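Each chain is listed here by its residues.
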Amino acid sequence: MDRGNNSKRNKGEIGEQEREDQCHNNNEPRSPECVIQIDAGNSWTIYPAPNTLRSVYLKAFEPKIISIGPHYYPYRLGRTQMHVMEKHKRQFLARLLRGKPELRRSNGNMPTSTEERESSDLWKAMQLLEQRTRACYSSTFDNIDSNHFVEMMVLDGCFVVELLRLYYKLFHMESTVVANDSNEDDPIFTSRRILTSLQRDLLMLENQLPFFVLEKLFMLINKNNTDPQAVSLEELAVTFFNPLLPQQNAASKLNTKNPKAHLLDVFRSTFLESVSQKAHKMGKNRIKSQLNPDGTIRGFALHFASDLQEAGVKFRNWEGHDLLDIEFTHGTLRVPPLSINENTVSLLLNFVAYEMRVNCPVPFFTNYLMFWESLVYSPGDIQILHKHRIINHLMGSKEDMAYLLIKCRQVIHDLDLGYLYDVIEEVNEYSGLYYKSKYRVWWEASSVTISAVRGHASLSLPPLFSCCLHSSRRFTPCTLIIGRIKLCAWPSIVVSRLHYLFSIKLVF
């Protein structure tokens, strides 16, 4: 299957040189054309991640050990690890049907042939949902016929439902109950590596079944369960995925009123409780307030961590708060801690990919990742955040982590800074006062010296300075910045040039 056709190049992609320029000019204006636009004109919710995101970290979007849904259907038997999980799927289904005689054929046997499957409640239900399910994907998957598609829905869906149920019993209920399910020796639950790989793979955007498919199977499997305390499918899912990006009382943060697109959407919703309230208070986006008269976007990015530290901003680990809950008060930037490893990077990028094209979600995680991109330019910035226990990076060195976030900055943009707009504005105003005061002091001092030698500077100064000194146009320190020379380096440039001037013999 040619997956390249499913992820066309976005209209908003920019050239490599422009990306490099943006990488080195964190606060320069950007044109709206350089921003990846969110496509809200499609009803599908499961699709390949854009090529731009895949270029940041390809492993984030390709499952290692299990294929769910049609996107990786052709690879199920060709990849060794996926082939092993196909056997597990059938074992889970057989165990499920052994304990649920009402789901078997009328004679009490498990469905094996096509005719027998069609007489099963599970297969009948999935046949009715087939067209609705296909409509959720960006591709038609005409290479998968109806029988195989329905079989995939049953096999994959039942495996996911059983996996969530057994995990919950294993880690949240008495061991005697778990023993009755005979899963204590299952390698899925005895190997932390396999379990973590499953958690990561099942939260990849391309590796999803629509949530209504899982809900229907869950309802059929539990239709004779009269326990009023029975756990919902959403709670089972959140319990299973929470170790990837742990939060306290994650299940209590579920919003059960809104329908969910898939498991990725379910888990994402648990992080939005506090920030959704903030976004609602702020009102709709503020794109218009960020546009210059010529249509470009104002440079409204956060300063790098090293710059903020120089300006007197304090960093504080805001432990116990929701992951997205970032605040700035009284010169202190409060940020909940983030452990960065292969699994969290994969999860965050899949959240962003989901927010790029789907109709309804507010791009909270896109804003969140932009915040980190703006804070980090070098390994020194990572070190500052690590020192304050805000970032705990387990994915290579500080250099690797900085490089990854720089790559994110090349492709992840949003016209609206969303729920972090006020925070970034306050931080910029606070640090701006420091730099304004600093530059005024040295500018006034240097102006006196420069004026004294203005008439003769061209004899000794390099052409760049000579041109600036004799120009009738008013100039600022920014005039002389080449590439990404920080503004704070400008006083030393003036000193070195004046030293050069007076270190040689002038002829008057």
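Remember, it's a predicted structure, so these values are computed and weren't measured experimentally.

Quick look at the side chain of Arg334
Reasoning step 1: You can see Arg334 is positioned in strand β3 (residues 332-335).
Reasoning step 2: No salt bridge is formed by the buried Arg334, whose closest oppositely charged neighbour, Glu327, lies at an N-O distance of 5.6 Å.
Reasoning step 3: When residues no more than four places from it in sequence are discounted, the contact partners of Arg334 are Arg316, Trp318, Asp325, Ile326, Glu327 and Thr329.

Topic: helix α10 (residues 211-221)
Along an α-helix, a turn takes 3.6 residues, which lines up residues three or four apart on a common side.
Reasoning step 1: Counting buried positions over the 11 residues of α10 gives eight, a clear majority of the element.
Reasoning step 2: Along α10, the residues classified as buried are Phe211, Phe212, Val213, Leu214, Leu217, Phe218, Leu220 and Ile221.
Reasoning step 3: At its buried positions, α10 is contacted by α3 (80-98), α5 (121-134), α6 (146-172), α11 (233-241) and α12 (263-269).

A closer look at the pattern of salt bridges
Reasoning step 1: Inspection of the entire model under this criterion finds 17 salt bridges.
Reasoning step 2: Among the ionic pairs, Arg54 bridges to Glu206, the shortest N-O distance being 2.4 Å. Taken as a pair, Arg54 in helix α2 (residues 51-54) and Glu206 in the loop between α9 (192-201) and α10 lie far apart in primary sequence, 152 residues in all. In terms of burial, Arg54 and Glu206 fall into one category: buried.
Reasoning step 3: Overlapping salt bridges bring together Lys64, Arg200, Asp201 and Glu342 as one network.

A look at the nonpolar core
Reasoning step 1: By size, the foremost hydrophobic cluster in this structure holds 124 residues, and its most contacted members are Leu324, Leu333, Leu349, Tyr368 and Trp372.
Reasoning step 2: With 15 residues, the single largest contributor to this core is α6.
Reasoning step 3: The contacts of Leu333, once residues within four sequence positions are left out, are Val313, Lys314, Phe315, Arg316, Ile326, Glu327, Phe328, Phe371, Val423 and Val427.

What to know about the pairing of strand β1 (residues 314-317)
Residues in a regular strand point their side chains to alternate faces of the sheet.
Reasoning step 1: Alternating residues of β1 divide into Phe315 and Asn317, all buried, and Lys314 and Arg316, none buried.
Reasoning step 2: As paired elements, β1 and β3 share four bridges and run parallel to each other. Residue pairing in the sheet places Phe315 in a bridge with Leu333 of β3.

So, the environment of Asp381
Reasoning step 1: Secondary-structure assignment places Asp381 in helix α17 (residues 379-387).
Reasoning step 2: Between the C-alpha atoms of Asp381 and Ala402, which are 21 residues apart in sequence, the distance is 8.0 Å.
Reasoning step 3: Leave out the neighbours within four places in its chain, and Asp381 touches Phe304, Ala305, Ser306, Leu375 and Val376.
Reasoning step 4: Of note is the side chain of Asp381, whose polar atom sits 2.8 Å from the backbone nitrogen of Tyr377.

A short note on the packing of α5 against α6
Geometry of a packed helix pair, given as the angle between the helix axes and the separation of the axes.
Reasoning step 1: Packing of α5 against α6 brings their axes to within 9 Å, and their N-to-C directions diverge by 110 degrees. By the criterion of interaxial angle, the relationship of α5 to α6 is roughly perpendicular. Seen from α5, the contacting residues are Leu122, Trp123, Met126, Gln127, Leu129, Glu130, Thr133 and Arg134; seen from α6, they are Ser146, Phe149, Val150, Glu151, Met153, Val154 and Cys158.
Reasoning step 2: The residue makeup of the contact of α5 with α6, split by class, is nine nonpolar, three polar and three charged.

Comments concerning the confidence of the model for the chain
Reasoning step 1: Here the chain averages 75 in pLDDT, while 65% of its residues score no lower than 70.
Reasoning step 2: Considering only residues more than four positions removed or in separate chains, one finds that residues 175-179, a stretch of pLDDT under 50, has six contacts.
Reasoning step 3: In this model residues 284-292 is a low-confidence stretch, pLDDT under 50, and it forms 21 contacts with partners more than four residues away in sequence or in other chains.

Here is what the cut-offs are and how they apply
- Residues numbered from 1 in each chain as written.
- Predicted model: local features only at pLDDT ≥ 70, side-chain atom pairs only at ≥ 80, totals over all residues.
- Heavy atoms only, no water.
- Helix = DSSP H or I, 4+ residues; strand = E, 2+ residues; numbered from the N terminus.
- Buried < 20%, exposed > 50% of the residue type's maximum accessible area, 1.4 Å probe, protein only.
- Lys, Arg positive; Asp, Glu negative; His and termini not counted.
- Salt bridge = Lys/Arg side-chain N within 4 Å of Asp/Glu carboxyl O.
- Contact = heavy atoms within 4.5 Å.
- Core = buried A, V, L, I, M, F, W, Y, C linked by side-chain atoms within 4.5 Å.
- Pairing = 2+ DSSP bridges.
- Polar contact = N/O pair within 3.5 Å; in protein donor to acceptor, adjacent residues only side chain to side chain.
- Axes fitted to C-alpha atoms, helices over the stretch in contact; angles between N-to-C directions.
- Parallel < 35°, antiparallel > 145°, perpendicular 65-115°, else oblique.
- Nonpolar A, V, L, I, M, F, W, Y, C, P; charged D, E, K, R; others polar.
- pLDDT = per-residue confidence, 0-100.

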